[in-house]
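Below, each chain spelled out in residue letters.
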Amino acid sequence: MTESVQHIDTLARRGIMFILSSPSGAGKTTISRMLLAADDQIKLSVSATTRPPRPGEEDGVHYHFVDDAAFDRMIEEDDFYEWAHVFNYRYGTPKGHIRSGLKDGQDVLFDIDWQGTQQLFQKDQQDVVRVFILPPSIAALQRRLENRATDSGDVIESRMDRARSEISHWDAYDYVVINDDVDECFAKVRDILAAERMKRQRQTGLIPFVRELMG
Ligand SMILES: Nc1ncnc2c1ncn2[C@@H]1O[C@H](COP(=O)(O)OP(=O)(O)OP(=O)(O)O)[C@@H](O)[C@H]1O
Ligand SMILES: Nc1nc2c(ncn2[C@@H]2O[C@H](COP(=O)(O)O)[C@@H](O)[C@H]2O)c(=O)[nH]1
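Because the structure is predicted, anything quoted here is derived from the model rather than measured.

### Some remarks on the overall build of the protein
Step number 1: Helix and strand counts for the protein come out as nine helices and nine strands.
Step number 2: Against the compact-globule benchmark of 17 Å for 215 residues, the protein has a radius of gyration of 19 Å, which places it among compact chains.
Step number 3: Considered along the principal axes of its C-alpha atoms, the protein spans approximately 65 × 40 × 30 Å.
Step number 4: Put simply, 71% of the contacts in the protein that link residues at least 6 apart link residues at least 24 apart.

Here you go:
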C-alpha cells in the first residue's frame, strides 16, 4: 500500500510557466508572494528592470535592478526570453535555467504584463498557463494603489490611466480571477495551479506507470 502511494507521488511531470498578470494594483504581487510562501514546488522568475526600487524591494529578490546600459547589453547578448516597455521603464525575463528546469518538473511563476505573456506563449504554448487578475472595481484599484503608498500621485495617475487598456487584454488569458477577498482569490489561483499540474500531457511519468499497471 505505502509502496504504491510513494510511487504515485514521485511520478515525473513537466514544469509549468505560470503567469500572473493584471492592471497595476489589482494584487498579482500579493498573490504571487502568497503562492511562493505556500508552495515550495514553484519559484519566481526574477525580472530585470530599469525602474528604481520601491522601499522594501531587494535587488536580486524582487527584481534585478539595472540601468539602461546594462539592459541594452542584456538585449544585445540575447539574455531575455521576452522584454517590454511598461510605464516608461523596461522590464524583461532573463532566460536563466527556465527551460532545463521545466524538464525536471520545476514550476516557474511570472509576474509580467500582457506583452510578455504574449511573447512567452508564442515561444512555449504547451508549458504556459496564463492567469489574469481583475480588481472588483476601478475605485478599489485606485484605493489599493493609494493605500500601498509606494508611488507618487503622478505615477498612480499614469497607472490608473493605463488600467483600462491593460484590462482590455483579459480575453488573452486561460483563467480570469477577480481579487475581491484576497484569501479567496489566492485559493482559486492555487486550485488552478493544482489542476494544471495534473494535466495528462504534463505527467511524463504516466506512460511508464500505466505500462507497468497493465503488465
Ligand atoms: N483583495 C485585496 N483587498 C484589499 N487590498 C488588496 C487586495 N489584494 C491586494 N491588496 C493590496 O493592494 C495593493 C496592490 O497590490 P499588489 O502590489 O499586489 O498589486 P500588483 O498588481 O502587483 O501591482 P503592480 O503591478 O503595480 O506591482 C497592495 O497594497 C496590496 O496589499
Ligand atoms: N513584460 C514584462 N512585464 C513585466 C516584467 N516584470 C514585471 N512586469 C510587469 O510590469 C508592470 C509594472 O511592474 P511594477 O513592479 O513596476 O509595478 C507589471 O504589470 C508587471 O507585471 C517582465 O519581466 N516582463
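Back to the write-up after that little detour.
### With respect to unusual backbone geometry
Step number 1: Despite not being glycine, Phe87 shows a phi value in the positive range, around 45 degrees.
Step number 2: Note on placement: Phe87 falls in the loop between strand E5 (80–86) and strand E6 (89–94).
Step number 3: Positive phi, normally seen in glycine, also occurs at Ala149, with a value near 55 degrees.
Step number 4: If you trace the backbone, Ala149 turns up in the loop between helix H6 (138–148) and helix H7 (153–167).
Step number 5: The exposed category is assigned to Ala149, around which 9 C-beta atoms lie within 10 Å.

### Description of the nonpolar core
Step number 1: Membership of the largest hydrophobic core comes to 29 residues, with the highest contact counts inside it found for Met17, Phe18, Ile19, Phe110, Val131 and Ile133.
Step number 2: Among the elements of the structure, strand E1 (17–21), E5, helix H4 (98–103), strand E7 (107–111), strand E8 (128–134), H6 and helix H8 (182–197) are those that each provide at least two residues to this core.
Step number 3: With near-sequence residues (within four places) excluded, Ile19 lies in contact with Phe110, Ile112, Thr117, Leu120, Val128, Val129, Arg130 and Val131.

What counts and how
Residues numbered from 1 in each chain as written. Chains lettered and ligands numbered in written order. Predicted model: local features only at pLDDT ≥ 70, side-chain atom pairs only at ≥ 80, totals over all residues. Helix = DSSP H or I, 4+ residues; strand = E, 2+ residues; numbered from the N terminus. Rg over C-alpha atoms; globule rule 2.2 N^0.38 Å. Contact = placed C-beta atoms within 7 Å. Buried ≥ 20, exposed ≤ 12 C-beta atoms within 10 Å, placed from the backbone. Core = buried A, V, L, I, M, F, W, Y, C linked by C-beta atoms within 7 Å.

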